[in-house]
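What the coordinates show
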Amino acid sequence: MTLQEIIGLDKQYFMNVFGDRNPVCFKRGKGMLLWDLEDKVYYDFLGGIAVNVLGHSHPKLVEALKSQLEKLLHTSNLYYIESQAKLAKILVENSCADKIFFANSGAEANEGAIKLARIYFKKKGFNHKYEIITLKNSFHGRTMTTVAATGQEKYQKPYYPITPGFKHVEINNIEALKEAITPSTCAVMLEPIQGESGVNPVDYEYMHELKKICEENDILLILDEVQTGIGRTGKLFGYLHYDIEPDIFTLAKALGGGIPIGAVCAKEHVANAFEPGDHGSTFGGNPFACTAGLAVMKTIFNDGLVENAKKMGEYFKEKLNQLKERHSIISEIRGKGLMIGIELSIDNAREITRKLLYKGFLVGNVGEKVLRILPPLIVTSEDIDKLIASIDEILSEISV
Ligand SMILES: *Cc1c(COP(=O)(O)O)cnc(C)c1O
């Protein structure tokens, strides 16, 4: 099929929620590279929006999935599942969590976290403690409840009435948080670095103060690590940058390396609030998805990919700051590790993203002001040099 034929089918048969997509369709990928229908090659610096941490078609992931595929895909959670038990163990042994629950997506993991926070207080007899404070400009997913958690009106308004019990406060403003807390507050939920709204990190001091306030007021701290988790920020989890531990955190995107899987990770005393029948999933944690998760985690550890994310993140920032010196159109470089935002001084992010696409580089944009870079954790300095040279060329054309 040609690209035009595929676009024709999409326009006729697929709901138009994604609008006019980038005019390209990929048929194959390997490592950092993707090939389109006409065999044009692209460097993937978006990694399927922070999903393809091992790059495309990583031999370890392919091998593990192929062999699982031939044995068993799904049994339901009525039975014990070996890869599920093993993946839960790896996550617990390498994080502050004691217990794990597997879902199928980020939104679903966040739903689980929200339900866990509420049931935790219900079972302690605090029926009035149900309200959750989240940040303005946050993103927590697309279900009715995670849309309510998301601090952006554009995701909520078309769907009123949405799930009640959420309040939104300004990021890095501890006074605003204090004012929002009432005896009804059961949890504060936030992303260590806000991804979808343009790579906005939470300050170290704010996170510390927030953790203290949560402890003092018997409020649970939930971190949405759907995007920051699994090595993205140069540490295995985003919370490790802050020297604090959340009571609950969620994972998804990178965890399956491309196979859908999400996780609710919690401390023992909180996790114990979920008892038989309180929560569940048909697909969540099935043998195939958990085999993907296991292969991703093992490869990340064996190949030192968290360290690579840290090292390449620093290299990236250094190169981008050099670009910033020469191009006034770049006003700020933000982020940690391989979660990078480039703030522009003029409204040009969409056009630059499109120009990079034509030059064979995939990056993302958040509105017109921010370019977003989320490459696979296997990225090398040679790959980065190529992208930097192309951004340099494009910015030189715009500045003139
Ligand atoms: C992507 C994302 C989600 C939603 O994940 P889905 O798998 O699309 O449901 C939730 N929270 C954060 C921080 C995200 O980046």
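Residues numbered from 1 in each chain as written. Predicted model: local features only at pLDDT ≥ 70, side-chain atom pairs only at ≥ 80, totals over all residues. Heavy atoms only, no water.

We now examine the nonpolar core. Judged by nonpolar contacts, the single largest core of 86 residues is most densely connected at Phe-45, Phe-102, Leu-177, Leu-190 and Phe-316. Considering every element that reaches this core, the biggest residue donor is helix H11 (residues 287-302), with 9 residues. Composition of this core by domain shows at least three residues from each of domain 1 (3-57 + 304-397) and domain 2 (72-302). Within the second largest apolar cluster, 27 residues are counted, among which are Tyr-120, Ile-132, Phe-139 and Ile-162. (Core = buried A, V, L, I, M, F, W, Y, C linked by side-chain atoms within 4.5 Å. Buried < 20%, exposed > 50% of the residue type's maximum accessible area, 1.4 Å probe, protein only. Helix = DSSP H or I, 4+ residues; strand = E, 2+ residues; numbered from the N terminus. Domains from an automatic or database assignment.)

Looking at the ligand, the residues that line it are Ser-105, Gly-106, Ala-107, Asn-110, Phe-139, His-140, Gly-141, Glu-191, Asp-224, Val-226, Gln-227 and Lys-253. Between Gly-106 and the ligand, the recorded distance is 2.8 Å, taken from a backbone N or O atom to an oxygen atom. Contact distances for the ligand include 2.7 Å between an oxygen atom and a side-chain N or O atom of Gln-227. Out of a free accessible area of 380 Å², the ligand has 82% covered by protein chains. Here the shell around the ligand takes 3 residues from helix H5 (residues 106-123), the largest share from any one element. (Near = heavy atom within 4 Å. Polar contact = N/O pair within 3.5 Å; in protein donor to acceptor, adjacent residues only side chain to side chain. Areas by Shrake-Rupley, 256 points an atom, 1.4 Å probe, with all protein chains shown as cover.)

A few words now on the domain arrangement of the chain. Often, the extent of an interface is quoted as the loss of accessible area upon association of its parts. The domain boundaries assigned to the chain delineate domain 1 (3-57 + 304-397) and domain 2 (72-302). Each of domain 1 and domain 2 was reduced to a C-alpha centroid, and the two centroids are 27 Å apart. Of the residues lining the interface, 25 residues belong to domain 1; the matching set on domain 2 comes to 30 residues. Overall, the association of domain 1 and domain 2 removes approximately 2200 Å² of surface from exposure, summing both partners, and the carbon and sulfur fraction of that is 65%. (Contact = heavy atoms within 4.5 Å. Buried area = accessible area lost by both parts, 1.4 Å probe.)

A few words on the UniProt feature "modified residue: N6-(pyridoxal phosphate)lysine" (unreviewed entry) in the chain. Per the UniProt record, the feature "modified residue: N6-(pyridoxal phosphate)lysine" (unreviewed entry) sits at Lys-253. Summarising the element assignment, Lys-253 is placed in the loop between strand E11 (248-251) and strand E12 (262-266). Looking at Lys-253, the relative accessible area reads 22%, which means it is partly exposed. Ignoring any residue separated from it by four or fewer positions in sequence, one finds Lys-253 in contact with Ile-49, Ala-50, Val-51, Glu-196, Val-226, Gln-227 and Ile-261. (UniProt positions renumbered as here; feature names shortened; annotations may be inferred.)

Let us look at the state of the cysteines. Here the structure, examined in full by the defined rule, presents 0 disulfides. Left unpaired, Cys-96 is separated from the closest cysteine sulfur, that of Cys-265, by 8.4 Å. (Disulfide = S-S within 2.5 Å.)

In space, the 4 strands of this open sheet follow the order E1-E2-E3-E15, with mixed pairing throughout. This sheet does not close on itself; its edge strands, each paired only once, are strand E1 (26-30) and strand E15 (361-362). (Pairing = 2+ DSSP bridges.)

On to the sheet that holds E11. With respect to topology, 7 strands assemble into an open sheet ordered E4-E12-E11-E10-E7-E5-E6, the strand pairing being mixed. Since the sheet does not close on itself, it has two edges, and those belong to strand E4 (99-103) and strand E6 (166-169), each with one partner. If you compare each strand with its neighbour and ignore which way they point, the axes differ by 20° on average. Pairing of strand E7 (residues 185-190) with strand E10 (residues 220-224), which is carried by 4 bridges, proceeds in the parallel orientation. Bridge pairing links Leu-190 to Leu-223 in E10. The strands that helix H4 (residues 82-93) touches are E4, E11 and E12; relative to E4, the one it contacts most, it runs at about 125°. (Axes fitted to C-alpha atoms, helices over the stretch in contact; angles between N-to-C directions.)

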